[in-house]
Every structure is written in structure tokens, then in C-alpha cells.
Amino acid sequence: MSARLLIVEDEEALILLIRYNLEAEGYQVEAVERGDEAELRLAEETYDLVLLDWMLPGTSGIELCRRIRARRETASLPVIMLTARGEEAERVRGLATGADDYIVKPFSVPEFVARVKALLRRSRPEVAASVLIAGDLELDRDSHRVRRAGRDVHLGPLEFRLLEFLMQAPGRVHTREQLLNAVWGRDVYIDERTVDVHVGRLRKALNPGRLSDPIRTVRGAGYAFSETFGTG
Ligand code: CA
């Protein structure tokens, strides 16, 4: 499972604890400490779930949640609010703002992880699923196998991750930079043209020439997994 999570929290010790435990589950985790920083990140990148502290420097958690819901691109993004004991009375307000779940600090780590998993399963079944299927294409995350029209497709690790990332959100256009961050990692410097090279390899492996192309090139923007792929 490779869901991408964003933590917005200003307590460093808590970030460490959450990050450690969520990474152990196989999630990709990024953390920012300020609300306004989170807003910038959310405008640039796509995430599968946001963990949002209530009291934050910059933009408050509740205001950020309201803005996440107001923006078309993030309106359905799953949000879990974190709050200190004593702020429980605010729970109703938090949920009214559009948070999907609400966890009171201090929390037990196993329960916390279970709540994150449960919300991902509910809201992003395509991210939680171990097998992604579109048309004649099948990607198995556990065995790292890809099959097309019943035949094995052999992909390198980067092509596999590219395909997995694209298949998670059919129709969504990803810029080269977003693909670099998601597949290669945010901390490595790689030329954006590398993405074109690997998309080219992926296409070649998926398509010996007669089958339809599941990947759409969006001129001037980037790449998307074809939304209509497999629908006829
Ligand atoms: Ca705080």
C-alpha cells in the first residue's frame, strides 16, 4: 500500500511518532509544521489523506480544513483532525467543517493507525486495494506483478511505481514534478525529462503495438491514466 499522507502538526515529537508508525505501514509520509505551508503543499501535490492538527501556527487547522473542502481539487480529500484533550467540545465544529474523523491527543498508536487505515479504505478504496484493475490491465501491489490481457508484463521498479501511481487516480493529470516527487522521492534532484523516458519505457512494456494506450499525454501539463481506458 503506498498511499501518500500529509501531516500538518507543530509538535516535532508527535510528527516523529506518527511518521515512524505510518511509514512502518508502508505509507509515504510528508510533514509540515505550519498551516500556510500545508496549503502551499496541497496546491502543488496530491495526497490520499491529511492529518491536521487543530492548533497550528500560520493558518489554523480548522480554517485549513474549511479551505480544503472549498477547493474543488481537494474537496473530497480525507481529513483527520488531531486535537488536544479539552478541545473535545470543539469536536462538532470540526466535523461540521468537513473533517472525516477526529482523534484526541494523547492517543494510542495502534488505534491511531487503525483509524487512518479505516478512513483510507472507506474513502480511497483504489489506494487501499492490493490489486488495481482497469480494462485488461491488472496491477498486484503485493506480488509486484502486472498483467495485461492475461499476460505478464515485466516492468522495472520505477515503471511499476509510475503505473501504480497513475492507476490510483484515473483521469487525474500529474505534472512531471509531481510524478518525480511521488515515484523518485521529493529529496532527490532528477531532471524532469527522466519522467518522459520512464513513461516511454512503461508504454512500450504495456503495449506491444496493437493494444490501446492506457496513458494519456496532456500537452504542456503532464500525464494521466486514461479515464476511459477499459470502459469500451
Ligand atoms: Ca498544535
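For clarity, every value in this text was computed on a predicted model and none was experimentally measured.

## Description of the packing of helix α7 (residues 157-168) against helix α9 (residues 193-206)
Where α7 meets α9, the axes come as close as 9 Å, and the angle between the chain directions of the two elements is 85 degrees. Compared by their axis directions, α7 and α9 come out roughly perpendicular. Contact with α7, carried on its side by Leu158, Glu159, Leu162 and Leu163, involves His198, Val199, Arg201, Leu202 and Leu206 of α9 and no other residues of that element.

## Points about unusual backbone geometry
A cis amide bond links Lys105 with the next residue in sequence, Pro106, at an omega value of -5 degrees. By the secondary structure assignment, Pro106 is in the loop between β5 (101-105) and α5 (109-123). One non-glycine residue, His144, lies in positive phi territory at about 60 degrees. The residue His144 is located in the loop between β7 (137-140) and β8 (145-148) in this model. Overall, His144 belongs to the exposed group, its relative accessible area being 52%. In this model, Ala149 sits at a positive phi of 50 degrees, which is unusual for a non-glycine residue.

## Describing the pattern of salt bridges
A full pass over the atoms with the stated rule returns 24 salt bridges. Its salt-bridge partner being Arg71, residue Glu73 comes within 3.6 Å of it at the nearest N-O pair. When its relative accessible area of 54% is taken as the criterion, Glu73 is described as exposed. Salt bridges sharing common partners tie together Arg4, Glu30, Arg41 and Glu45.

## Side note on the packing of aromatic side chains
Under the criterion given, the structure shown has three aromatic pairs. Seen from their ring centres, Phe107 and Phe112 are 4.6 Å apart, and the 15 degrees between their planes marks the pair as stacked. Neither residue differs from the other here; Phe107 and Phe112 are each classed as buried. Look at Phe225 and Phe229: their rings are 5.7 Å apart centre to centre, the planes differ by 80 degrees, and that puts the pair in the edge-to-face class. Pair check on accessibility: Phe225 and Phe229 agree, each one buried. Geometry around Tyr47 places Arg4 over its ring, the cationic atom sitting 5.1 Å from the centre.

## Concerning the coordination of the calcium ion
Within the first shell, the calcium ion binds the protein through Asp10 (OD), Asp53 (OD) and Met55 (O), at distances of 2.1 to 2.4 Å. By relative accessible area, which is 4% here, Asp53 ends up buried.

## Brief notes about the domain arrangement of the chain
In many analyses, interface size is given as the accessible surface area lost on bringing the parts together. Domain boundaries in the chain define domain 1 (4-127) and domain 2 (129-225). Look at where the C-alpha atoms of domain 1 and domain 2 centre, and you get two points 27 Å apart. Counting from both sides, the interface comprises 13 residues of domain 1 and, opposite them, eleven residues of domain 2. Summing both partners gives a buried area of about 990 Å² for domain 1 against domain 2, and 34% of it is carried by carbon and sulfur. Among the residues of domain 1 in contact with domain 2, Glu45, Thr46 and Glu126 are the three that bury the most area, contributing 42% of the side total. Scanning the region where domain 1 abuts domain 2 turns up zero salt bridges. Viewed at the interface, domain 2 and domain 1 are joined by three residue pairs in polar contact (both at pLDDT 80 or more). Elements represented by at least two residues in the side of domain 1 that touches domain 2 include exactly β2 (28-32), α2 (35-44) and α6 (125-128). For the side of domain 1 that touches domain 2, the element with the most residues is α6, which contributes three residues.

## As for the nonpolar core
Leu137, Val146, Leu163, Met167, Leu206 and Phe225 are the most contacted members of the largest nonpolar core, which totals 25 residues. Counting residues per element, the ones that place at least two in this core are β6 (131-134), β7, α7, α8 (176-184), α9 and β12 (222-225). Sorting elements by how many residues they give to this core places α7 first, with six residues. Setting aside residues up to four positions removed in sequence, Phe225 forms contacts with Ala134, Leu137, Leu163, Leu166, Met167, Pro170, Gly171, Arg172 and Pro214.

## Points about a negative patch on the surface
A cluster of like negative charges, contributed by Asp10, Glu12, Glu33 and Glu37, occupies part of the molecular surface. Within the element layout of this structure, Asp10 appears in the loop between β1 (4-8) and α1 (12-24).

Cut-offs applied
Residues numbered from 1 in each chain as written. Predicted model: local features only at pLDDT ≥ 70, side-chain atom pairs only at ≥ 80, totals over all residues. Heavy atoms only, no water. Axes fitted to C-alpha atoms, helices over the stretch in contact; angles between N-to-C directions. Helix = DSSP H or I, 4+ residues; strand = E, 2+ residues; numbered from the N terminus. Parallel < 35°, antiparallel > 145°, perpendicular 65-115°, else oblique. Contact = heavy atoms within 4.5 Å. Buried < 20%, exposed > 50% of the residue type's maximum accessible area, 1.4 Å probe, protein only. Salt bridge = Lys/Arg side-chain N within 4 Å of Asp/Glu carboxyl O. Phe/Tyr/Trp six-rings, centres within 6.5 Å; stacked < 30°, edge-to-face > 60°. Lys NZ or Arg CZ within 6 Å of the ring centre and 35° of its normal. Donors = N, O, S within 2.8 Å, 3.2 Å for Na, K, Ca; no water. Domains from an automatic or database assignment. Buried area = accessible area lost by both parts, 1.4 Å probe. Polar contact = N/O pair within 3.5 Å; in protein donor to acceptor, adjacent residues only side chain to side chain. Core = buried A, V, L, I, M, F, W, Y, C linked by side-chain atoms within 4.5 Å. Patch = residues over 30% accessible without salt bridge, like charges linked within 9 Å, V, L, I, M, F, W, Y side chains within 5 Å. Areas by Shrake-Rupley, 256 points an atom, 1.4 Å probe, with all protein chains shown as cover. Lys, Arg positive; Asp, Glu negative; His and termini not counted. Charge placed at Lys NZ, Arg CZ, Asp CG, Glu CD.

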